[in-house]
Amino acid sequence: MSILKRIWAPVLMVCALVAALVYYNVSVRSFEGDLAKEQEQMQELNDAITALKAEQSSARSTALSGATNLDYKRISRDFEVGRDILAHVGTWDSWKTYDASRTELMEKYGLSDDDQIVVELMPEVMNDTRFSEDGINTIDKQGLNMKTSSVEVYLVGMDKESYSYLAEGILETKWDGRTASQRAMVMYSCDVDGNVSNITGTMVN
Amino acid sequence: MRSRIIQVVCIVVGVVAVFMSFFAVSSRQASVSAQSVENRREIERLQSELEALQNAEVDSVEEVTQSMSLAEDLGNEVAEAQTRMHNGEASDDATSGADYVGERLAEDSQKYRSVWAGGVTDKMRWEFVTPNNYVSANLGAVWLGYSEEDGALLAYVTGSYDEAANQFSGLSLRMTSAGNKRVGVTPGETGGA
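It is not clear to me how the overall build of chain A should be interpreted in this structure. Could you clarify?
Within chain A, the secondary structure is distributed over five helices and five strands. When the helices and strands of chain A are listed from N to C terminus, the series reads α-α-β-α-α-α-β-β-β-β. In terms of principal-axis extent, the alpha carbons of chain A reach across some 100 × 60 × 30 Å. Relative to its 205 residues, chain A shows a buried fraction of 38%. In chain A, the proportion of contacts linking residues at least 24 apart, taken out of those at least 6 apart, comes to 51%. For chain A, the computed accessible surface area is about 12100 Å², with 54% contributed by carbon and sulfur atoms. With 20 positive and 32 negative side-chain charges, chain A shows a separation of 10 Å between the mean positions of the two kinds.

Shown next as structure tokens:
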């Protein structure tokens, strides 16, 4: 009896702690279960929307193809060129990645330093390596970066040799906790074999 | 005395644990409720988007051909009117002017009823590009604005053609850097830019 008198309070405390933990866990699991169900429902709806959009887009392309006699497989392939060029222009976060993206863009599309699109959208940024191995340059010094989003491509011309396209996208830069954006546009032509020519580009507003 | 202190401490700890658990659960519940409200709102939005997509009809080849033809006629009318308006060419058959263009534009694009890229000092030629793409469920529309002096692309306008209303909507005007360099004295009526 004297033992019971001594331990009833610690036992009660342990019981209270266990009950509190169980209550917390059961409640939180129940809330999270409800949230998970909602997330699942949103995912299902998003999947259904994506599938339906793809289906309708394909049906529209087929109808357009029938109406215009254009090869929409070719056009879809060519659309990727515009997205790719703008992705090169706007996917970097340091001088190293800028220079790599610039070099790759120029090699891939046979561009030179003097080409209008290079001068205007991806000019050479000097990196002074006299004082450090990594070099000193404006991009790293100012923490510049760029990300491309929301690219739209339009077929704007057709002749026997090639189709020409206009692609525009948003270039977004984050700086000092703030985000600034501007649009860029590129125009280019693609022949039936997918060879790209006449690439020009500019910032637009 | 010592055992009394232990008893009091244990009781206090037990009571505090129970209160803390209630407090933690209710604060978690509040944050979950807020998230849940957001989720339900998003679910409703997705459901109505899905419903709209399910009800959307995909045009047949004939219907697309007809839509394209209507869009092309209307787009060319707008392009010609914009060219005349920009270059200050008087029109004797009332096929230019803000009202004429405005009739061909949806409510959301009425700010584009007046001269596009009006500040550009070059004489311009606007061309409508035959719609060959879809922007969502509508045919896409593009007008390219070239300099009459050297053929440089100075501006362009994108949007989409709504066949039901026989109007263009969602217009956006973009000025290229070449266009921006040629902005000077505004020739008369301006707007859109």
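Is there a simple way to think about the sheet that holds strand E4 (residues 178–191) of chain A in this case?
Hydrogen bonds between backbone atoms are what pair the strands of a sheet, whose relative direction is either parallel or antiparallel. Residues and elements named next belong to chain A. Read from one edge to the other, the open sheet built from five strands follows the order E1-E2-E3-E4-E5, with strand pairing classed as antiparallel. Here the strands that pair on one side only, and so sit at the sheet edges, are strand E1 (91–92) and strand E5 (196–204). By the bridge criterion, 14 bridges tie strand E3 (residues 162–175) to E4 in an arrangement that is antiparallel. Among the inter-strand pairings, Trp 175 is bridged to a residue of E4, identified as Arg 178.

What is the right way to read the nonpolar core from this model?
Within soluble globular proteins, side chains that are nonpolar tend to cluster in buried spots. Membership of the largest hydrophobic core comes to 65 residues, with the highest contact counts inside it found for A:Ile85, A:Tyr165, A:Tyr188, B:Trp116, B:Trp126, B:Trp143 and B:Phe168. For this core, the element with the highest residue contribution is helix H2 (residues 61–86) of chain B, accounting for eight residues. In contact with B:Phe168, other than residues within four places in its own chain, are B:Ala71, B:Leu74, B:Gly75, B:Arg104, B:Leu105, B:Ala106, B:Ser109, B:Phe128, B:Ala141, B:Trp143, B:Ser160 and B:Tyr161. Residues A:Tyr154, B:Leu144, B:Leu153 and B:Tyr156 belong to the second largest nonpolar core, which totals 12 residues.

I keep staring at the pairing of strand E2 (residues 146–158) of chain A and nothing clicks. Help me out?
Along any regular strand the residues' side chains alternate between the sheet's two faces. All names here are of chain A. Pairing between E1 and E2: two bridges, direction antiparallel. Note on E2: the bridge partner recorded for Trp 92 is Met 146. Note: E2 against E3, nine bridges, orientation antiparallel. Residue pairing across strands places Gly 157 opposite Ser 164, the latter belonging to E3. Between the end of E2 and the start of E3, which pair antiparallel, lie three residues.

Which parts of the structure should I look at to understand the confidence of the model for chain B?
Should pLDDT be low for a region, the predicted coordinates there are not to be read in detail. Residues and elements named next belong to chain B. Per-chain confidence: chain B averages 86 in pLDDT, with 91% of residues scoring 70 or above. Confidence drops under a pLDDT of 50 for residues 187–193, and excluding neighbours within four residues, the segment shows 23 contacts in the predicted structure. Scored as a whole, the predicted complex attains pTM 0.72, and scored at its interfaces, ipTM 0.72.

Please explain the pattern of salt bridges as it appears in this structure.
Any two side chains of opposite charge can pair, so long as their charged atoms come close to each other. All names here are of chain A. In the structure shown here, the tally under the stated rule is 21 salt bridges over all chains. The shortest N-O distance in the salt bridge between Arg 77 and Asp 78 comes to 3.0 Å. On the accessibility criterion, Asp 78 (1% relative accessible area) is buried. The partner of Arg 183 in a salt bridge is Glu 168, with the nearest N and O atoms 3.5 Å apart. Placement of Arg 183 in strand E4 and of Glu 168 in strand E3 is noted, with a sequence separation of 15 residues between them. With a relative accessible area of 23%, Arg 183 lands in the partly exposed category.

Sorry if this is basic, but what is going on with the packing of helix H1 (residues 2–68) of chain A against helix H1 (residues 2–55) of chain B here?
The relative placement of two packed helices comes down to the angle between their axes together with the axis-to-axis distance. Orientation of H1(A) relative to H1(B), taken along the N-to-C sense of each, is 10°, at an axis distance of 9 Å. It follows that H1(A) is roughly parallel to H1(B) by the angle criterion. Its residues placed into classes, the contact of H1(A) with H1(B) shows 30 nonpolar, 14 polar and eight charged.

Is there a simple way to think about the side chain of A:Arg74 in this case?
All names here are of chain A. In this fold, Arg 74 is placed in helix H2 (residues 72–89). Under the relative-accessibility criterion, Arg 74 is labelled buried at 10%. With sequence-adjacent residues up to four places away left out, Arg 74 is seen in contact with Glu 161, Ser 162, Tyr 163, Tyr 165, Cys 190, Asp 191 and Val 192.

Even after reading the chapter, I still don't get the interface of chain B and chain A, so can you show me in this structure?
It is common to give the size of an interface as the accessible area that goes away when the parts come together. Contacts between the two partners involve 54 residues from chain B and, on the opposite side, 51 residues from chain A. The tally of links between chain B and chain A comes to four salt bridges. At the boundary of chain B and chain A, one finds 13 residue pairs in polar contact (both at pLDDT 80 or more). Elements with a minimum of two residues in the side of chain B that touches chain A: H1, H2, strand E2 (134–135), strand E3 (138–147), strand E4 (153–162), strand E5 (167–175) and helix H4 (177–181) of chain B. Take the side of chain B that touches chain A: its biggest share by element is 26 residues, from H1(B). Of the residues in the side of chain B that touches chain A, the class split is 29 nonpolar, 18 polar and seven charged.

Would you explain the packing of aromatic side chains in this entry?
In this description, a pair of aromatic rings is defined by centroid distance and the angle of the planes. Taken as a whole and assessed by the stated rule, the structure comprises 10 aromatic pairs over all chains. Relative to B:Phe22, the ring of A:Tyr23 lies with its centre 4.9 Å away and its plane at 55°, an arrangement referred to as tilted. Taken together, the residues A:Tyr23 in helix H1 and B:Phe22 in helix H1 connect one chain to another. When the centroid spacing of 4.9 Å and the interplanar angle of 80° are considered together, the rings of A:Trp92 and A:Tyr98 count as edge-to-face. Judged by its relative accessible area of 9%, A:Trp92 is buried.

What counts as what
- Residues numbered from 1 in each chain as written.
- Chains lettered and ligands numbered in written order.
- Predicted model: local features only at pLDDT ≥ 70, side-chain atom pairs only at ≥ 80, totals over all residues.
- Heavy atoms only, no water.
- Helix = DSSP H or I, 4+ residues; strand = E, 2+ residues; numbered from the N terminus.
- Buried < 20%, exposed > 50% of the residue type's maximum accessible area, 1.4 Å probe, protein only.
- Contact = heavy atoms within 4.5 Å.
- Areas by Shrake-Rupley, 256 points an atom, 1.4 Å probe, with all protein chains shown as cover.
- Lys, Arg positive; Asp, Glu negative; His and termini not counted.
- Charge placed at Lys NZ, Arg CZ, Asp CG, Glu CD.
- Pairing = 2+ DSSP bridges.
- Core = buried A, V, L, I, M, F, W, Y, C linked by side-chain atoms within 4.5 Å.
- pLDDT = per-residue confidence, 0-100.
- Salt bridge = Lys/Arg side-chain N within 4 Å of Asp/Glu carboxyl O.
- Axes fitted to C-alpha atoms, helices over the stretch in contact; angles between N-to-C directions.
- Parallel < 35°, antiparallel > 145°, perpendicular 65-115°, else oblique.
- Nonpolar A, V, L, I, M, F, W, Y, C, P; charged D, E, K, R; others polar.
- Polar contact = N/O pair within 3.5 Å; in protein donor to acceptor, adjacent residues only side chain to side chain.
- Phe/Tyr/Trp six-rings, centres within 6.5 Å; stacked < 30°, edge-to-face > 60°.

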